[in-house]
Amino acid sequence: MSCNKRQKNKIDHEAFLAFYKNKDYKKAFKLFSKLVDDNEYFQPASFHLYLSYIHGKGTKKNIKKGIQILKELVKDGYRIAQTAIASHYYFGFSKFEQNLKKAVHYYELAALQGCPDAQEALGRIYYHGTEGVSANYDLAFKYWEQASDQGKANAQSSLGTMYARGVGVSRDDYKATKLFKLAAKQGDIEGKRFLARSYLKGLGVKKNTDKAISLYKQIAKDVDIANYFLGEIYTEKKDFKEAVKWFLIASHKNHIPSKYRLIWFYETGNGIAQNKEQAFELCKLIAEAGFEQAQFDLGRFYAQGIGTNINPKKTFQWTKLAAEKGFLDAQMQLAYLYQIGFGTELSHKKCFKWTKKTAEQGDDIASYLLGSFYMRGKGIKQNIEEGI
């Protein structure tokens, strides 16, 4: 091939990438088709033709033809194609039957050639484990480190979490934060999220709440929990109006912890107009969804008549439900309800049972009360030695 023609093809190659990014798919497809005759660009051009056929971009959708091109590229050892076919097997799309064993096989072939996408995928597979593939933190670390070294942002944030949590490696907040910074610099959402946490708690870096706020705000549109943490930060700062703003944003996306936090604001009137009825309705909604802390609070609302009428039976019902799920405050409150017979029969025996359960979890007040039960012989046979 002449130098002039090669130079023209190089220009065409750069042009079709620009066209494709600008969504001028028809023009890009024509350029892909021309460049497959050039040995230098055969593989990338063919791969883009595969994508065009699979997605129907710039040409009529033809999955069969697209897969045929992909399989030829895989035979040719093209690492990006190996990664793509691995994804087909992993997710079972485009007429591929899900086959995790084959997915891992092709990811590993691509990873051996240094493909960072394949290395990152293998890191995820071995970190979480999946059907037919046991979790293996050593392999997860290995592949994420390889991808991270090549600048793969989500591998950097994932490797950072291993260091931050001490999973498969000794905990190292400094290394974790360094990796989060690298990922965040590339715009990786998880990298920004974990870096914000590092700044918020002073992990591996000097504590800086303002930087944490800035990072959380950058990702708040995409990450519900970022709105939640912004709400918590502003609550701690006692800027309740700003806190309510962020909790409301997250709650509109059905983030349950944020909805729960709003109960206190409606109940007390901090940062928002006081509305005890709204606080009650919100608490009831979350309690019915199975959130045990809200179930305990709903019992309190019924006991005190906050936003509703006093209802001893419902107080007992919701407190017991939360207690049976292991919520410590609810267990202590349930013992008290049995002690005074509020919403249920008075029972020293059941009061002792729930006080003992709470004491066994290290609650000092429950431990003290348990001693008085043994001393007095209420709900249990008197045992002065045990009560001392």
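Draft legend 1. Looking closely at the overall build of the protein. When its secondary structure is counted, the protein shows 22 helices and 0 strands. Put simply, the protein has 388 residues, and 44% of those count as buried. Once local pairs closer than 6 in sequence are excluded, the contacts in the protein between residues at least 24 apart make up 39%. Of the accessible surface of the protein, which amounts to about 21,100 Å², a share of 49% is contributed by carbon and sulfur atoms.

Draft legend 2. Inspection of the side chain of Ser 258 at higher detail. You can see Ser 258 is positioned in helix α15 (residues 256-268). Side-chain polar atoms of Ser 258 contact the side chain of His 255, separated by 2.8 Å. If near-sequence neighbours (up to four positions away) are discounted, Ser 258 is found in contact with Tyr 228, Phe 247, Ala 250 and Ser 251.

Draft legend 3. Expanded view of a positive patch on the surface. Together, Arg 165, Arg 197, Lys 201 and Lys 207 give the surface a local cluster of positive charge. Inspection of the secondary structure puts Lys 207 in the loop between α11 (189-201) and α12 (209-219).

Draft legend 4. How the structure looks around the environment of Gln 150. Relative to the helices and strands, Gln 150 is located in the loop between α8 (137-149) and α9 (153-165). Under the relative-accessibility criterion, Gln 150 is labelled partly exposed at 43%. In sequence terms Gln 150 and Gly 114 are 36 residues apart; their C-alpha atoms lie 8.8 Å from each other. If sequence neighbours within four positions are ignored, Gln 150 has contacts with Gly 114, Cys 115, Pro 116 and Gln 119. A distance of 2.8 Å separates a polar side-chain atom of Gln 150 from the backbone oxygen of Gly 114. Among the polar contacts listed, one links the side chain of Gln 150 to the side chain of Gln 119, at a separation of 3.0 Å.

Draft legend 5. Geometry of the packing of aromatic side chains. One pass over the structure, following the stated rule, counts 24 aromatic pairs. A centroid spacing of 5.5 Å and a plane angle of 25 degrees characterise the contact between Tyr 216 and Phe 229, whose relative ring orientation is stacked. Here the residue Tyr 216 occupies a position in helix α12, and Phe 229 occupies one in helix α13 (residues 224-236), the gap between them amounting to 13 residues. The buried category is assigned to Tyr 216, whose relative accessible area is 1%. For Phe 229, a relative accessible area of 25% gives the class partly exposed. Ring plane angle 65 degrees and centroid distance 5.6 Å describe the contact between Tyr 228 and Phe 229, whose orientation is recorded as edge-to-face. An aromatic cluster is present here, built from Tyr 216, Tyr 228, Phe 229, Phe 240, Phe 247, Trp 264 and Phe 265 joined pairwise through their rings.

Parameters at a glance
Residues numbered from 1 in each chain as written. Predicted model: local features only at pLDDT ≥ 70, side-chain atom pairs only at ≥ 80, totals over all residues. Heavy atoms only, no water. Helix = DSSP H or I, 4+ residues; strand = E, 2+ residues; numbered from the N terminus. Buried < 20%, exposed > 50% of the residue type's maximum accessible area, 1.4 Å probe, protein only. Contact = heavy atoms within 4.5 Å. Areas by Shrake-Rupley, 256 points an atom, 1.4 Å probe, with all protein chains shown as cover. Polar contact = N/O pair within 3.5 Å; in protein donor to acceptor, adjacent residues only side chain to side chain. Patch = residues over 30% accessible without salt bridge, like charges linked within 9 Å, V, L, I, M, F, W, Y side chains within 5 Å. Salt bridge = Lys/Arg side-chain N within 4 Å of Asp/Glu carboxyl O. Lys, Arg positive; Asp, Glu negative; His and termini not counted. Charge placed at Lys NZ, Arg CZ, Asp CG, Glu CD. Phe/Tyr/Trp six-rings, centres within 6.5 Å; stacked < 30°, edge-to-face > 60°.

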